[in-house]
Every structure is written in structure tokens, then in C-alpha cells.
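Chains, contacts and geometry: an overview
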Amino acid sequence: MKLKSIRSQAKIIGTIAAVGGAMIMTLVHGPLLELWTKGKTNHESQSGGENPNSNHLIKGAILIISGCLSWAGFIILQAITLRTYPAELSLTAWICFLGTIEGVIVAMIMERGKSTVWAIHWDAKFLAIVYSGILCSGITYYIQGIVMKNKDPVFLTAFNPLSMVIVAVMSLFILREQMTLGRILGAIVIVVGLYIVLWGKSKDNSTDNRSPSTDEQLPTQEQAIGVAGLDINEEKKEEYGGEDTEMGRLGAPQQ
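The present account deals with the structure reproduced in this document. Because the structure is predicted, anything quoted here is derived from the model rather than measured. (Residues numbered from 1 in each chain as written. Predicted model: local features only at pLDDT ≥ 70, side-chain atom pairs only at ≥ 80, totals over all residues. Heavy atoms only, no water.)

Focus on the packing of helix H1 (residues 6-27) against helix H7 (residues 162-173)
The description of two helices packed together rests on the angle between their axes and the distance between the axes. One way to put it is that H1 packs onto H7 with a least axis distance of 9 Å and a crossing angle of 35°. The two elements H1 and H7 meet at a crossing, and its hand is left-handed. Where H1 approaches H7, its residues Ala22, Met25 and Thr26 are matched on the opposing element by Met164, Val165 and Ala168. By residue class, the composition of the contact of H1 with H7 is five nonpolar, one polar and no charged. (Axes fitted to C-alpha atoms, helices over the stretch in contact; angles between N-to-C directions. Helix = DSSP H or I, 4+ residues; strand = E, 2+ residues; numbered from the N terminus. Left-handed = near helix turned anticlockwise from the far one by under 90°. Contact = heavy atoms within 4.5 Å. Nonpolar A, V, L, I, M, F, W, Y, C, P; charged D, E, K, R; others polar.)

Dropping the structure here:
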């Protein structure tokens, strides 16, 4: 990050805008926009429009922060691993395998004595588990590995706030969620922030491709000495009549 550079400032401003847009979608509601759905949603009618308990808010905030930090650490660890183990498919298999073992251990501890939780029922819950395991875990980790191998973790995580926009749009059509002005404004801010971040990243890539590295610009010490020696040798050869003897090449007259 170079704070005096426009592209670095764009990445910082875009990141802040994307996070701010996500907070606007979550915290700011505003007036209700009656598009084509009317009436309360299922979860609103069950809760009666009441605010949740403050203890649940604190627990939820702690869990959300922990989940974001864990996800960020996982992305960084995956990028570091791909440098020494550039095999996205097998790495994805290892991640899912170890995650399954950890999930089984946690479930055995948290759900001990409850044999019903291990029963498989052919319902929407089972479909959600299959969807989460195959698409949200397996395919997602594999695509993440490909993107991080060709780009970098910053490019990948810049699209994370966009998921809130997708969820809001899908919930409007599928779950009959009511759309509020705060959600629309937050979605617009997220899209604008994402565009600014990607603009800054594109400028970084174009600058890196246009300017050669220092090693390419500056010759090595051996190369500089070799070029200087050739120039001196040519001058001495012209001075002593172009003699091609050993002493002539060294630049000294024959005795």
C-alpha cells in the first residue's frame, strides 16, 4: 500500500465503502418498498416484529466477528499453502476431509446423548446439507484456489460483500422478503465499493506489467565490468594498430 498513490487510495476507499454498504444493509432499514410482495414474511409473523434479546445480539455479534476473522485466516492460509502445494483439487479434498472430521467431533461433543440428530431424513434439511457440502464447500474451495493461484487473496475477498446483495435479491423472489430502502442503498454502496477496489487492482496489474523490475533495468556488476573491458580492449587495439596478440589485447605495447 502506497498512501500517496491513487490506486492504493482507491483500494482503501473501495474496501471501506464495501464494508460500509454491508453495515447499511444490516443496520439501516428505512421505509418499506412495496414492489410486488405484500404482507409479512414467515419469520416476521412468527417473531411478531419484536426485537431479539440483547444477550442474543451480543452472542450473534461475537460469533459473526469470530466467523469473519476465521474466514480471513482461512483465505490467507489457503493462499500460502498454494504457493508450496499448487494442486487445487487435492487441497480441496484435504480441506473437506479434515473439516468433516472436525465437524463430527464438534457434533459429538455438542449433541451428546441425542441420537436423533444423526438420523437422515429426506427433507429440505438434507437438501440444504448436500447443497452446502457440494457447492458451498467443495466447488467453492476449488474455485477459490484457482482464483488465488492466478490473482491474489485481495482480489478474491473483494467479492465477499457482493454475496449480501445476491442474498437480498434471491430472498425477494424466493422467500418473499420485504425490500427496504436501506437494503437498496447498501447494495448500491457495495457495488460501487467493489468497482473502486477492482479499478485500483487493475491499475496495480497494469503498472506491474508496464514497468520492468530493478534486476532487468540495472546490469549486474559482472556485466558492467565485462562491457567496460570490451570497450577498453577495442580502444587499445585501435591505438596499437589492431594487433591481435595477447599483449595487444591487454592494452600494452610489445617489448
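Remarks on the pattern of salt bridges
Within the structure shown, the criterion is met by two salt bridges. Here Lys149 makes a salt bridge to Glu88, at a shortest N to O gap of 3.5 Å. Taken together, the positions of Lys149 in helix H5 (residues 124-150) and Glu88 in helix H4 (residues 88-110) put the pair 61 residues apart, joining distant regions of the chain. Classification of Lys149 as partly exposed rests on a relative accessible area of 46%. Assessed through its relative accessible area of 14%, Glu88 is described here as buried. (Salt bridge = Lys/Arg side-chain N within 4 Å of Asp/Glu carboxyl O. Buried < 20%, exposed > 50% of the residue type's maximum accessible area, 1.4 Å probe, protein only.)

Here we look at H4
Helix length check: H4, at 23 residues, gives a terminal C-alpha distance of 32 Å against a target of 33 Å (1.5 Å per residue), a fit within 8%. All of the buried residues in H4 are Glu88, Leu91, Thr92 and Ile95. (Expected span 1.5 Å × (residues − 1).)

Topic: the nonpolar core
Of all hydrophobic cores here, the largest spans eight residues; its members are Ile75, Ala79, Leu82, Leu91, Ile95, Tyr141, Met148 and Leu156. Broken down by element, this core gets its largest block of residues, three residues, from helix H3 (residues 54-84). Ala22, Met25, Ala187 and Ile190 belong to the second-largest nonpolar core, a separate cluster that totals six residues. (Core = buried A, V, L, I, M, F, W, Y, C linked by side-chain atoms within 4.5 Å.)

Considerations on the packing of H4 against H5
Between H4 and H5, whose axes approach to 9 Å, the crossing angle comes to 135°. Relative to H5, the element H4 lies oblique. Remark: the crossing between H4 and H5 carries right-handed chirality. Across the interface between the two elements, Glu88, Leu89, Thr92, Ile95 and Cys96 from H4 touch Ser137, Gly138, Tyr141, Tyr142, Gly145, Ile146 and Lys149 from H5. Broken down by class, the residue content of the contact of H4 with H5 amounts to six nonpolar, four polar and two charged. (Parallel < 35°, antiparallel > 145°, perpendicular 65-115°, else oblique.)

A short note on the environment of Met148
By the element assignment, Met148 lies in helix H5. Take Met148: its relative accessible area is 8%, and that puts it in the buried class.

A look at H7
Between the first and last C-alpha of H7 there are 17 Å, a value that for 12 residues agrees with the 16 Å anticipated at 1.5 Å per step. For H7, the complete set of buried residues consists of Val165, Ala168, Ser171 and Leu172. Projection of H7 onto a plane perpendicular to its axis shows the buried side chains occupying an angular sector of 135°, all on one side. In H7, those exposed residues whose orientation departs by more than 90 degrees from the buried face are Val167 and Phe173. (Arc of directions from axis to C-beta.)

In short, shape yes, function no, at least from these values alone.
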